[in-house]
Amino acid sequence: MRHMRGRGGPMRGGMMRPMGPRPPFRAFIPHIPFDLVQCETVFTRAKPAPDDKSFTDALLKRHNDLTPSATEQSAILSLVTKIQGALDALVLTPATFEPAQIEEVRQIGSFKKGTMMAGHNVADIVVMLKTLPTKEAVAALGNKIVEDMKLTDPQEVLSMLTNDTGFEISSADVTVKCLITTIPPNLKKLEQDLHLDGKLMQAHLAGIRHARWVEENACHSRRCLQLMSAEILPTWFCGNTDPCEQD
């Protein structure tokens, strides 16, 4: 007899489908396992609650060891404010500086995020140019910033050095790195012998994106303090060397 397929008939292999009504549908009911933490108020403690004072004291001591002194923070804040002001003035009055035009000025790095560590008194500022970043224009921009700062405070001793990433301005024991980049459409127009390195400028653009991400998602100072002191956060997050902000 040939095997037949159909409702109530034999299936392939000679197995019969069970007849009769199907069992009723049973809804899935999740069962929460017993959790002593959730029932802590019902059960008395077998031992007193742990004292975290020693851990807190050690955490704060470690934080103080990693944090720059108030004098260092004040010195770098003063230098950053002066340089930022000089750059912002060029943004508002571009006609006063012909070699280059500035699109945007933004602070990035450990100083901006408040994670600067002792012994690393360096702040980072990204300067985005509308024009193509020639090496001569970058050097002229650095000299212009120093000149404008000396007009405000002639007694201040400043030094300016150009490098592959832009230029840096130093005063006493603090330094501000001005990382040069350009608007994205200009990246395709760069010439190797005439302009700054395109990969470095792309990294500076990434530094801007990273700074924005940190502002939106990682500005939790208490948690960052704990992870920094426990050396759980990577060093680039704590302000030493950000992969997006390397020289």
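Conventions we followed
- Residues numbered from 1 in each chain as written.
- Predicted model: local features only at pLDDT ≥ 70, side-chain atom pairs only at ≥ 80, totals over all residues.
- Heavy atoms only, no water.
- pLDDT = per-residue confidence, 0-100.
- Contact = heavy atoms within 4.5 Å.
- Core = buried A, V, L, I, M, F, W, Y, C linked by side-chain atoms within 4.5 Å.
- Buried < 20%, exposed > 50% of the residue type's maximum accessible area, 1.4 Å probe, protein only.
- Helix = DSSP H or I, 4+ residues; strand = E, 2+ residues; numbered from the N terminus.
- Axes fitted to C-alpha atoms, helices over the stretch in contact; angles between N-to-C directions.
- Parallel < 35°, antiparallel > 145°, perpendicular 65-115°, else oblique.
- Left-handed = near helix turned anticlockwise from the far one by under 90°.
- Nonpolar A, V, L, I, M, F, W, Y, C, P; charged D, E, K, R; others polar.
- Patch = residues over 30% accessible without salt bridge, like charges linked within 9 Å, V, L, I, M, F, W, Y side chains within 5 Å.
- Areas by Shrake-Rupley, 256 points an atom, 1.4 Å probe, with all protein chains shown as cover.
- Salt bridge = Lys/Arg side-chain N within 4 Å of Asp/Glu carboxyl O.
- Expected span 1.5 Å × (residues − 1).

As annotated in an unreviewed UniProt entry, the protein carries the name ILF2 and is attributed to Mytilus edulis.

In this model, the protein carries an average pLDDT of 81, and 80% of its residues clear a pLDDT of 70 or more. Predicted confidence for residues 232-247 stays below pLDDT 50, and this span has 44 contacts to residues more than four positions away or in other chains.

With that out of the way, let us pick up the nonpolar core. Ile83, Leu87, Val127, Leu141, Ile145 and Phe167 are the most contacted members of the largest nonpolar core, which has 41 residues in total. Of all elements in the fold, only helix 2 (70-92), strand 1 (102-108), strand 2 (122-129), helix 4 (135-152), strand 4 (166-171), strand 5 (174-182) and helix 5 (198-217) reach the threshold of two or more residues within this core. Top element by residues in this core is helix 2. It accounts for seven residues. When residues no more than four places from it in sequence are discounted, the contact partners of Val127 are Leu87, Ile102, Glu104, Leu141, Cys178, Leu179, Ile180 and Thr181.

Right, let's talk about unusual backbone geometry for a bit. In this model, Ala172 sits at a positive phi of 60°, which is unusual for a non-glycine residue. Along the polypeptide, Ala172 turns up in the loop between strand 4 and strand 5.

With that settled, the discussion passes to the packing of helix 2 against helix 4. Relative to each other, helix 2 and helix 4 sit at 110°, their axes nearing to 10 Å. Classified by the angle between their axes, helix 2 and helix 4 sit roughly perpendicular to one another. Seen along the crossing, helix 2 lies across helix 4 with a hand that is right-handed. The residues of helix 4 that touch helix 2, namely those facing Leu79, Lys82, Ile83, Ala86, Leu87 and Leu90, are Leu141, Lys144, Ile145, Asp148 and Met149. Taken together, the residues that form the contact of helix 2 with helix 4 break down as eight nonpolar, no polar and three charged.

Turning our eyes to something else, we now look at a nonpolar patch on the surface. A contiguous nonpolar patch, built from Phe34, Leu36, Val42 and Phe43 and spanning about 460 Å² of accessible area, is present on the exposed surface. If you trace the backbone, Val42 turns up in the segment before helix 1 (53-66). The class for Val42 is exposed, based on a relative accessible area of 62%.

Along its 18 residues, helix 4 runs 27 Å from first to last C-alpha, staying within 8% of the 26 Å computed at 1.5 Å per residue. Among the residues of helix 4, Ala137, Val138, Leu141, Gly142, Lys144, Ile145, Val146 and Met149 are the ones counted as buried.

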